[in-house]
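# Structural overview for review
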Amino acid sequence: MSTETILHLIAAVSVTLGAAFFFAGTIGLLRLPDLFSRLHALTKADNLGLGLIMLGLILYKPDLFYAVKLVLLWVLVMVSGATGAHLIAKRALRGDGEDMQ
Amino acid sequence: MSQLTLLIVFDGVLLVTLLALGFAAVLSPEPRRAVMLFIAFGLWLSLVWARLKAPDVALAEAAIGAGLGGALMLAAARRAARSSARTDGGDET
Amino acid sequence: MPEFLLGMALVLLLTMSAGLVRVVIGPTPADRMMAAQLLGTSGMAVLLLLGLALEVPALLDVALIFALLAAVSVAAFTRRRAGEDQA
């Protein structure tokens, strides 16, 4: 097996794992009983699923510029996802968001 | 499965859900829910443009159609709810 | 391999369609917002996969806009009125 085949194989496994995380997150979003447990399921899917898919894509196309861009994108998603989840949870808990009533 | 079959299935799923989202947004009675569905509709339409290999249109749709339009309409829906509550004599803000 | 990427994009698209149910049924607005957030992130994944499978590298920038969109809409959604007393 050439190095490229092995890299593609690892990439395929990583992308499949990421898709599995998204699948699990969606199941959680649909099936869990209350808002906070749904939020919990959601953030896992957001960060880890996207990260694994991006890792797979970087391995599939080893290009420095592409890799840097994807990593920056992932950092942005993690920061905004964490902030957003925190805001939603805080407003829902205190019930003082304008749109929460 | 060949690439063509996959693409056709992909297009079918995109089309059906896009239509369903549009109908759900138009027929929804509550403004805030309609806005949320509109944002989801914008995201979905942007995916359609991306599938048609038009990344510039997809960019504009996501930024203006879903992002800016969604945020503005969210504010408008909130204001409408507040003013209708005031005219009804209710005190929920 | 492009077939594989396309197939994965299709799987993600199907999970996104399932997540739409939560946007529609809701019960609270926060639920809808969360579902829209998940929609945005999986949409990003679909765009990245499509960008490689269809060989349109500019789709990466569309994914960037999706990430910004999620942040902006959550901020617009959870804002409070200025002058309200601090809870």
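Above: the structure in question.
The structure contained in this document is the topic of the report that follows. Remember, it's a predicted structure, so these values are computed and weren't measured experimentally.

### Overview of the environment of A:K61
Relative to the assigned elements, A:K61 resides in the loop between α2 (35–60) and α3 (64–94). Once the C-alpha coordinates of A:K61 and A:A11 are considered, the two residues, 50 residues apart in sequence, prove to be 9.3 Å apart. Not counting chain neighbours up to four residues away, the residues in contact with A:K61 comprise A:Y66 and C:L52.

### Regarding the packing of helix α1 (residues 3–27) of chain B against helix α2 (residues 31–51) of chain B
Residues and elements named next belong to chain B. At a minimum axis separation of 9 Å, α1 and α2 run at an interaxial angle of 155 degrees. In terms of their interaxial angle, α1 and α2 are classed as roughly antiparallel. Our pair here, α1 against α2, has a crossing hand that is left-handed. Listed contacts from α2 to L7, F10, D11, L14, T17, L18, L21, G22, A24 and A25 of α1 are A34, L37, F38, A40, F41, W44, L45, L47, V48 and R51. Classifying every residue of the contact of α1 with α2 by side-chain character gives 16 nonpolar, two polar and two charged.

### Let's talk about the nonpolar core
Formed by 85 residues in total, the largest nonpolar core has its most connected members in A:L57, A:L70, B:W44 and C:M44. It is helix α2 (residues 29–53) of chain C that provides the largest number of residues to this core, a total of 16 residues. Other than its neighbours up to four places away in sequence, C:M44 contacts A:L50, A:M54, A:L73, A:V77, C:A63, C:F66 and C:A67.

Criteria and thresholds
Residues numbered from 1 in each chain as written. Chains lettered and ligands numbered in written order. Predicted model: local features only at pLDDT ≥ 70, side-chain atom pairs only at ≥ 80, totals over all residues. Heavy atoms only, no water. Helix = DSSP H or I, 4+ residues; strand = E, 2+ residues; numbered from the N terminus. Contact = heavy atoms within 4.5 Å. Axes fitted to C-alpha atoms, helices over the stretch in contact; angles between N-to-C directions. Parallel < 35°, antiparallel > 145°, perpendicular 65-115°, else oblique. Left-handed = near helix turned anticlockwise from the far one by under 90°. Nonpolar A, V, L, I, M, F, W, Y, C, P; charged D, E, K, R; others polar. Core = buried A, V, L, I, M, F, W, Y, C linked by side-chain atoms within 4.5 Å. Buried < 20%, exposed > 50% of the residue type's maximum accessible area, 1.4 Å probe, protein only.

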